[in-house]
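# Examination of the molecular architecture
For reference, the chains in residue letters:
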Amino acid sequence: MSAYLPDLIETMVKIAIVLGMNIGFFAPMLAWVERKQSAVMQDRIGANRADIFGFTVIGLFHSLADAIKLIFKEDFIPRGADKLLHTIAPLIAMIPALVTFAVIPFGGHYVLWGHDVNLVIADLDVGILFVLAISSIATYGVVLAGWASNNNWSLLGGLRAAAQMFSYEVTMGLTIIGLVMYYQSLSLVEIVAKQENFFHWGIIWHWPAFILFLACAVAENKRVPFDIPEAESELVAGYFTEYSGMKFVIFWTAEFIEVVTISALCVVMFFGGHQIPFISVQDIVNYLMDFGPNVANLVAAVIGFTVFIVKVVVLIFIQMTIRWTLPRFRYDQIMKLGWKMILPLSLVWILIVGVLILAGIMPTP
Amino acid sequence: METLLFYLFATLSVAFGLMMIMARQAIYSAVCLIGVMFCLAGLFALLSAHLIAALQILVYAGAVMVLFVFVIMLLNLREKAGLRSVGDMATQLFFVVVLGVLFVPLIASYDAPSATKLAEGFGSTAGVGTLLYTDYILPFEIVSVLLLAALVGAVALAKTRMR
Amino acid sequence: MATTVKKVNRSVDLTLWEKMYIPEILRGMSITLKHFAVNLLGNALEVFGGRRERKIQTLYYPEELPNVPIAYRGRPVLVADENGLEKCVACGLCEVACPANCISIIGAERGDGERYPVSYILDGSRCIFCGLCEEACPKEAIVMSGEWQDICEYDRAKMIYTKEDLLRSEKSLKKRIKVLREKYFNKGRY
């Protein structure tokens, strides 16, 4: 068993990093960013009243205040609701968002104290398929929440969510086939490794796939402009009309973590993951070799992780801007966009990529 | 470790299967079926067929079952009142016994294959893809034509309904 | 408060450029991002004592109060003359005009023969702020003021205003009375 110990510790540390990053940092920060960014965009001030000893930290304590309020709120289950499903539905929504991070590399490969460290929890051969498979499970959280609430608004929200997420799942898978053909791998770690050269970044050749993928991913996450499952002007709050307290928080956290997941996926597939343009990991390690190989590798790992986070934050900002810019689509418009526009476009893109690769115009890395 | 996981997944899948049949509400049956799919995916992963495992979740648990749940919600099936009738129970028992008897010769004739070393790249995406497009190209194409026929049929049905 | 009307061309026929959708999304995002950048710069400037370019529309409510327009119909109040006595002559026209029946007056005569309300009770919990009382009043003695604060109470008994609660000096209501004259008398409608 002692041979497994370093691996075990390594995996535990990586899981701790991912969970801490998502639940501890991104979820409360995004709640704050969503409020404050929208306020600044709309010539308002935004939340700024919650304070500790007079310090408001530009409204940051509102996340804390919200958390405290929601933890102590009554956990209400309506009469006639299905208690079991009503309780596990938020968890089914939340867990896939976190599990997806298992295959997303947030750094490269480093050698620390003679131990190979790959900054990814699980390097799966079928990484992209795993992401798609797990994210399709998140649908059940929403659908079961809608069904279990015994409320017509919730049921309608759940139905819409099922139809919408099912439609966009298919399309989301097809949008990245071209990318898979280009990198000739389904493993996200390998895809990142192949983007070491800046001109092999996904965005250079595959920007149409990026636009289509981002649209599908936002639709999969049910955020504005694709938020018909919760459409507050039509369905009160859609599938989580009957949720309060901690379960409501879990739904919100799941949504924010999915924002992070989408950004991380885009970074890994289109923006080179942890790579800095024109500077390879080896360059950084070689430059710092004077401080010893361990320090050099550690610094390189920290730099890689920071670069990854910076890219993720930029993409989150873009998603938030989209969320506060566009109005909501109508139901038929969403279906039309998914099936009649994005799906054919992604198929055409697969054809184009195939032809370009065969013709030798788009050399695979 | 792998044996332990195998027994875990096997027991869970049988348990979920039983719960699926016994559940009083259609939605619980659907949820249990998703559980079965997950356990099967786990078993596939244990057999180092990672691609099949991922596809199992993606296609069956993710796509097919969503449609099941969608239909259950659309019809809004709630709990049926009253207890199960004796006749129902008798029918179920009858089929369990008959199927069990049918399985006996199958299990008796089963000859466990001796362990062989797996070929390089077995179960990987490239491996499955190569097999699919060389040795099994004909069944693959037949299945795709079948699916196309089903698709065309569905569109034709929906179109006549609209008129 | 002069307002300008901007005519928006609401043609539903989209051009090909608009149908492509993505350029239009980018245009929308550039607008919101411009607001974001300008306001962020404004916030930074304000910290260093500068002036922001775009005005923030938010009002810090309990500390800052909105200026209601002069045509706003707040709590109806009684107008007092220079001596602090009410202008009301207890004719009862407002009592009749009130659709909610919230006014009740008991009139009497002063020593010099002038009529005045001994008691003038206005039930604020029934008032619908329609302004018919000020329209009916021949003496400009009751007008709708701009008072909108403290109109709500937890106790209905507190919402029954007496004459003493409602008396306001004529000076504080000058603007409203001017508006009334323009509205009802100068235009010759009544």
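Residues numbered from 1 in each chain as written. Chains lettered and ligands numbered in written order. Predicted model: local features only at pLDDT ≥ 70, side-chain atom pairs only at ≥ 80, totals over all residues. Heavy atoms only, no water.

At the interface, 17 residues of chain A touch 19 residues of chain C. Carbon and sulfur atoms make up 70% of the surface buried where chain A meets chain C, a total of about 1,600 Å² over both sides. The three residues of chain A that bury the most area against chain C are Val40, Asp43 and Ile45 of chain A, which together make up 35% of that side's buried surface. Linking chain A to chain C there are one salt bridge. A salt bridge links Glu63 of chain C to Arg49 of chain A; the nearest nitrogen and oxygen atoms lie 3.1 Å apart. One can count six residue pairs in polar contact (both at pLDDT 80 or more) joining chain A with chain C. (Contact = heavy atoms within 4.5 Å. Buried area = accessible area lost by both parts, 1.4 Å probe. Salt bridge = Lys/Arg side-chain N within 4 Å of Asp/Glu carboxyl O. Polar contact = N/O pair within 3.5 Å; in protein donor to acceptor, adjacent residues only side chain to side chain.)

Take the domain arrangement of chain C next. Under the domain assignment, chain C is made up of domain 1 (16-47) and domain 2 (76-187). For domain 1 of chain C and domain 2 of chain C, the distance between their C-alpha centres works out to 51 Å. (Domains from an automatic or database assignment.)

What follows covers the sheet that holds strand 3 (residues 115-123) of chain C. Taken together, three strands build an open sheet; the order of strands is 2-3-5 (chain C) and the sheet is antiparallel. On the outer flanks of this sheet lie strand 2 (103-109) and strand 5 (160-161) of chain C, each paired with one strand and no other. (Pairing = 2+ DSSP bridges. Helix = DSSP H or I, 4+ residues; strand = E, 2+ residues; numbered from the N terminus.)

Once that is clear, we can look at the packing of aromatic side chains. Counted by the stated rule, this structure contains 23 aromatic pairs over all chains. With centroids separated by 5.3 Å and ring planes inclined at 45°, the aromatic side chains of Phe226 of chain A and Phe329 of chain A adopt a geometry described as tilted. Taken together, the positions of Phe226 of chain A in the loop between helix 8 (202-220) and helix 9 (232-235) and Phe329 of chain A in the loop between helix 12 (293-323) and helix 13 (331-359) put the pair 103 residues apart, joining distant regions of the chain. An aromatic cluster is present here, built from Tyr239, Phe240, Tyr243, Phe248, Phe251, Trp252 and Phe256 of chain A joined pairwise through their rings. Over the face of the ring belonging to Trp324 of chain A we find Arg323 of chain A, whose NZ or CZ atom lies 4.2 Å from the ring centre. Sitting over the face of the ring of Tyr161 of chain C, Arg75 of chain C holds its NZ or CZ atom 4.8 Å from the ring centroid. (Phe/Tyr/Trp six-rings, centres within 6.5 Å; stacked < 30°, edge-to-face > 60°. Lys NZ or Arg CZ within 6 Å of the ring centre and 35° of its normal.)

Right, let's get into the packing of helix 12 of chain A against helix 2 (residues 22-47) of chain C. Angle between the axes and distance between the axes are the two parameters that describe a pair of packed helices. Put simply, helix 12 of chain A and helix 2 of chain C touch, their axes get as near as 9 Å, and they point 105° apart. Classified by the angle between their axes, helix 12 of chain A and helix 2 of chain C sit roughly perpendicular to one another. Across the interface between the two elements, Phe317, Ile318, Thr321 and Ile322 of chain A of helix 12 of chain A pack against Met29, Thr32, Leu33 and Phe36 of chain C of helix 2 of chain C. Residue composition of the contact of helix 12 of chain A with helix 2 of chain C, grouped by class: six nonpolar, two polar and no charged. (Axes fitted to C-alpha atoms, helices over the stretch in contact; angles between N-to-C directions. Parallel < 35°, antiparallel > 145°, perpendicular 65-115°, else oblique. Nonpolar A, V, L, I, M, F, W, Y, C, P; charged D, E, K, R; others polar.)

The next subject is the pairing of strand 3 of chain C. All names here are of chain C. Of the pairings in the sheet, the one linking strand 2 to strand 3 comprises seven bridges and is antiparallel in character. Bridged to Ile106 within strand 3 is Ser119. Between strand 2 and strand 3, which pair antiparallel in sequence order, lie five residues; one of them, Gly113, sits at a positive phi of approximately 90°. Relative to strand 5, strand 3 runs antiparallel, the two sharing two bridges. Bridge pairing in strand 5 places Asp123 opposite Ile160.

Ranked by size, the top nonpolar core spans 120 residues in total, and within it Ile128, Leu188, Phe213, Met269, Phe270 and Phe308 of chain A carry the most contacts. The element contributing the most residues to this core is helix 4 (residues 127-148) of chain A, with 15 residues. Those residues in contact with Ile128 of chain A that lie beyond four places of it in its chain are Ile176, Val180, Leu186, Leu188, Ile191 and Met269 of chain A. Ranked by size, the runner-up nonpolar core spans 19 residues in total, among them Cys88, Ala90, Ala100 and Leu122 of chain C. (Core = buried A, V, L, I, M, F, W, Y, C linked by side-chain atoms within 4.5 Å. Buried < 20%, exposed > 50% of the residue type's maximum accessible area, 1.4 Å probe, protein only.)

For any part of a model where pLDDT is low, the fine detail of the predicted coordinates should not be relied upon. Model confidence for chain B is summarised by a mean pLDDT of 81, while 85% of its residues fall at 70 or above. Within chain B, the element-level pLDDT minimum falls on helix 4 (residues 86-109) of chain B, averaging 80, and the maximum on helix 6 (residues 137-162) of chain B, averaging 87. (pLDDT = per-residue confidence, 0-100.)

This part is about the sheet that holds strand 4 (residues 142-144) of chain C. Residues and elements named next belong to chain C. Here we have three strands laid out as an open sheet, ordered 4-1-6, and mixed in their pairing. Edge positions in the sheet fall to strand 4 and strand 6 (167-169), since each has one partner strand and no second. Between one strand axis and the next, the sheet turns by 50° as a mean value, whatever way the strands run.

Residue and element names in this part refer to chain A. Packing of helix 4 against helix 10 (residues 245-270) brings their axes to within 13 Å, and their N-to-C directions diverge by 160°. What the angle tells us is that helix 4 and helix 10 run roughly antiparallel. Handedness of the helix 4/helix 10 crossing: left-handed. Listed contacts from helix 10 to Ile128, Val131, Ala138, Gly141 and Ala145 of helix 4 are Phe251, Glu258, Leu265 and Met269. In terms of residue class, the contact of helix 4 with helix 10 is built from seven nonpolar, one polar and one charged. (Left-handed = near helix turned anticlockwise from the far one by under 90°.)

As a further point, take the interface of chain B and chain A. The interface of chain B with chain A comprises 27 residues on the first partner and 24 residues on the second. Where chain B meets chain A, there are zero salt bridges. Counting every contact that joins chain B to chain A gives two residue pairs in polar contact (both at pLDDT 80 or more). Those elements that place two or more of their residues in the side of chain B that touches chain A are helix 2 (26-46) and helix 3 (50-75) of chain B. For the side of chain B that touches chain A, the element with the most residues is helix 3 of chain B, which contributes 16 residues.

Moving on, we get to the domain arrangement of chain B. In terms of domain boundaries, chain B breaks down into domain 1 (1-78 + 85-102) and domain 2 (121-163). Between the C-alpha centres of domain 1 of chain B and domain 2 of chain B the distance comes to 24 Å.

Another aspect to go through is the pattern of salt bridges. Residue and element names in this part refer to chain C. Under the definition given, this model contains 18 salt bridges over all chains. The closest approach of N and O atoms between Glu24 and Arg27, which form a salt bridge, is 3.2 Å. You can see Glu24 and its partner Arg27 sitting in helix 2, three residues apart, about one turn around the helix. By relative accessible area, Glu24 is classed as partly exposed at 22%. The partner of Lys163 in a salt bridge is Glu86, and the shortest N-O contact between them spans 3.7 Å.

Each turn of an α-helix holds 3.6 residues, which means side chains three or four residues apart point in the same direction. Helix length check: helix 8 of chain A (19 residues) gives 21 Å between terminal C-alpha atoms against 27 Å at 1.5 Å per residue, more than 12% under. Of the residues flanking the end of helix 8 of chain A, it is Lys222 of chain A, one or two places downstream, whose phi is positive at about 60°. (Expected span 1.5 Å × (residues − 1).)

Ranking by contact count across two pairs of chains in contact places chains A and B at the top. One thing to see here is that chain B and chain C don't touch, and their nearest C-alpha atoms sit 27 Å from each other.

On to the pairing of strand 1 (residues 76-80) of chain C, then. Residue and element names in this part refer to chain C. Counting buried positions along strand 1 gives five out of five residues, so the element sits mostly inside the fold. Across three bridges, strand 1 lies against strand 4 in antiparallel orientation. The residue of strand 4 that forms the bridge with Pro76 is Met144. Pairing analysis gives three bridges linking strand 1 to strand 6, with the strands arranged parallel. Note on strand 6: the bridge partner recorded for Ala80 is Ser169.

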